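Chain by chain, the residues run as shown.
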Amino acid sequence: MKELLWVDQYVVSYDSMRTLHLEKAYDPLDPYGNIIINWDIQSWTTSGYVAIVTLFNNQQYCHIQEPGWELGWTWAKNEVIWNVMGAQTTEQGDCSNFKGEFIPHCCLKNPTIIDLLPGAPYNLRTTNCCKGGVLSSLLQDPKNSVSSFQLFIGADGTTNKTVRLPKDFRLNTPGPGYTCGPAKKVQPTRYSSPDGRRVTQAMMTWAVTCTYSQFLAQRTPTCCVSLSAFYNKNIVPCLRCACGCQDNRTNRGSCVDPNLPYSASIVPETTENNYAPLVRCTSHMCPVRIHWHIMHNYQEHWRVKVTLTNFNYRMNYTQWNLVIQHPNFKNLTQIFSFGYKTLNHYESINDTAFLHGVKFYNDLLMQAGPSGFVQSELLFRKDKPSFTFEGGWAFPRRVYFNGDDCVMPPPDVFPYLPNSSLGLQISLVLNLSSKSHEVSLLMKKGVQLSRTSTNTRSWFVAAAGQALFCQRWGSTLGAPSRPKVVPVTTLYH
């Protein structure tokens, strides 16, 4: 008898031996995300068939970056691959049973296919191939979310009734993370001619569905979140040991301390084929940190800075993306140096943003070092019924980096709003609706309110955990050449 336990978005079961089993992985922000592999038989040959294999990435924000995907399976009988276009197998295997001039491309029972590099010769290419295995997410780059290659199969059936489906499909990127189901017969794929006047279809089509699980991809998280705000001098760092703990005493080289002279010998060369993270020695030991800083509070808007820092010396994150959940994203006014798209996973609820780098500008998050960060500012219009700085409302609910859920600090340690009776130093900019002039106000303890214009009728200032300002201006108020600073600490009612 199994007992089911919900752990965040994952379903875990414990059997009578108390063994942990992962039943399935479900992402509420991308409930239909998966990778579909279509196996389309184009034509029959005397000893087999010709097929087009296509990978469709239907995930909104999970993508496959360098060194790219690896696709494998197990043949049902003794099939061989005579030739491949647009890809290649990692090994040929034992083809000694074949005599003559032509030798199969691969004779393995369990072949593994990898994509060709972008510089592959044109006579080896096919449609949607040769991207080095990089498969973009559906939101970030739909045109490059598809990859395909052509197979020439021998020693197999030559009709719909005699052909056998491959089994045990494996999709690595290059490590684990994806689980593939069995191949199933589906409706044959239909193709339209370039002029759109004729439609053809495949002889037979199989489909394989692969889903991603962060639990399978790595044992520990890959990112964490830190928080800060202008109204609190304390910075809430990433949780200690969020992605692991330092182990340099017993396992020297588990992290890199840039201040030590021998650290340079630990950092690998860029050509080294090792994708296990080698991170800078920190309290959290995460490869990537996302920092959310509340910068300013205006009358109608508020501003946030988001910074991504790479602590991994072995990885440049290409086509990185960030998914942030916050209720005020429905009123996002401006974003300055990131790409932005909404993630409407439940239609009417628009509280999730998909952020990514701008191509050829900051879409590459460099490895750990002086250039290993990217950042941007976000300007939100206040949602008056719900906006507040109290209770951590202004901080994100959930953060994903490259599809992996990041470790958030617990809500009870979020930067809190100081008691207003102690005096709160807040910088506000009030927009004048009539003349579009800006006036800056600064609240600082011990300084009295000074009025700089005889045409000013009144100022009303109130504070109850947050500062709210109301102003009434005369019709003849002159426009200042630059924002005027008015020191305030006394609260007027």
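Described in the following lines is the structure provided in the data block.

**Considerations on a nonpolar patch on the surface**
Alright, step 1. Residues Y26, Y346 and I349 make up a contiguous nonpolar surface patch of roughly 270 Å² in combined accessible area.
Alright, step 2. Considering the arrangement of structural elements, one finds I349 in the loop between β26 (339–342) and β27 (352–356).
Alright, step 3. Under the relative-accessibility criterion, I349 is labelled partly exposed at 41%.

**Topic: the packing of aromatic side chains**
Alright, step 1. In total, this model carries 26 aromatic pairs according to the counting rule given.
Alright, step 2. Taking the centre distance of 5.5 Å and the plane angle of 55 degrees together, the rings of Y61 and Y400 count as tilted. With Y61 in the loop between β5 (48–57) and β6 (70–74) and Y400 in strand β30 (residues 398–401), this residue pair connects regions lying 339 residues apart in the sequence.
Alright, step 3. Among the residues examined, Y61 registers a relative accessible area of 0% and is labelled buried.

**Points about unusual backbone geometry**
Alright, step 1. The linkage connecting E66 with the following residue, P67, adopts the cis geometry, with an omega of 10 degrees.
Alright, step 2. Assignment of secondary structure puts P67 in the loop between β5 and β6.
Alright, step 3. The backbone of N128 shows a phi angle near 60 degrees, a positive value even though the residue is not glycine.
Alright, step 4. Considering the arrangement of structural elements, one finds N128 in the loop between β9 (112–115) and β10 (146–154).
Alright, step 5. Residue classification places N128 among the partly exposed positions, given a relative accessible area of 33%.

**Points about the sheet that holds strand β11 (residues 167–172)**
Alright, step 1. If you walk across this open sheet you meet the four strands as β8-β9-β6-β11, and the pairing is antiparallel. In this open sheet, the two edge strands, each paired with only one partner strand, are β8 (87–89) and β11. For this sheet the average axis-to-axis angle between neighbouring strands, irrespective of direction, equals 25 degrees.
Alright, step 2. Summarising the sheet, β8 and β9 pair through three bridges and their orientation is antiparallel.

**Describing the state of the cysteines**
Alright, step 1. As enumerated under the stated definition, the model contains eight disulfides in all.
Alright, step 2. Bridging C95 to C107, the disulfide has an S-S length of 2.0 Å. Sign of the S-S torsion, about 115 degrees for the bond between C95 and C107, identifies this disulfide as right-handed. Within this pair, whereas C95 is found in the loop between β8 and β9, its partner C107 is found in the loop between β8 and β9, the two being separated by 12 residues in sequence.
Alright, step 3. A relative accessible area of 16% means that C107 is categorised as buried.
Alright, step 4. The thiol of C106 is unpaired, and the distance to the nearest cysteine sulfur, on C107, comes to 6.6 Å.
Alright, step 5. Since its relative accessible area comes to 1%, C106 is described here as buried.

Criteria and thresholds
- Sequence order sets the numbering: in each chain, residues are counted from 1 along the sequence as written.
- Totals for whole chains, interfaces and linings use all residues, but because this is a predicted model, local features are given only for residues with pLDDT of at least 70 and pairs of side-chain atoms are given and counted only at 80 or more.
- Each side-chain value is derived from all of the structure's non-hydrogen atoms; neither hydrogens nor water enter the calculation.
- Patches here: salt-bridge-free residues with over 30% relative accessible area, like charges joined within 9 Å, nonpolar side chains (Val, Leu, Ile, Met, Phe, Trp, Tyr) joined within 5 Å.
- In short, Shrake-Rupley with a 1.4 Å probe defines the accessible areas, and a residue's cover is counted only from the protein chains shown.
- Note on definitions: salt bridges are taken to be side-chain nitrogens of Lys or Arg within 4 Å of carboxyl oxygens of Asp or Glu.
- Each helix is a run of H or I in the DSSP string that is no shorter than four residues. Each strand is a run of E no shorter than two, and both are numbered from the N terminus.
- Categorising residues by exposure relies on relative accessible area from a 1.4 Å probe, with only protein chains included: less than 20% of the type maximum marks a residue as buried, more than 50% marks it as exposed, and the intermediate range marks it as partly exposed.
- Any Phe, Tyr or Trp ring, taking Trp's six-membered ring, that has another such ring centre within 6.5 Å forms a pair; planes under 30 degrees apart are called stacked, those over 60 apart edge-to-face, and the others tilted.
- A strand pair is defined by DSSP finding two or more bridges across the two strands.
- Each axis is a line fitted through C-alpha atoms, taken for helices only over the stretch in contact, and angles between the N-to-C directions span 0 to 180 degrees.
- Disulfides are defined as pairs of cysteine sulfur atoms found within 2.5 Å of each other.

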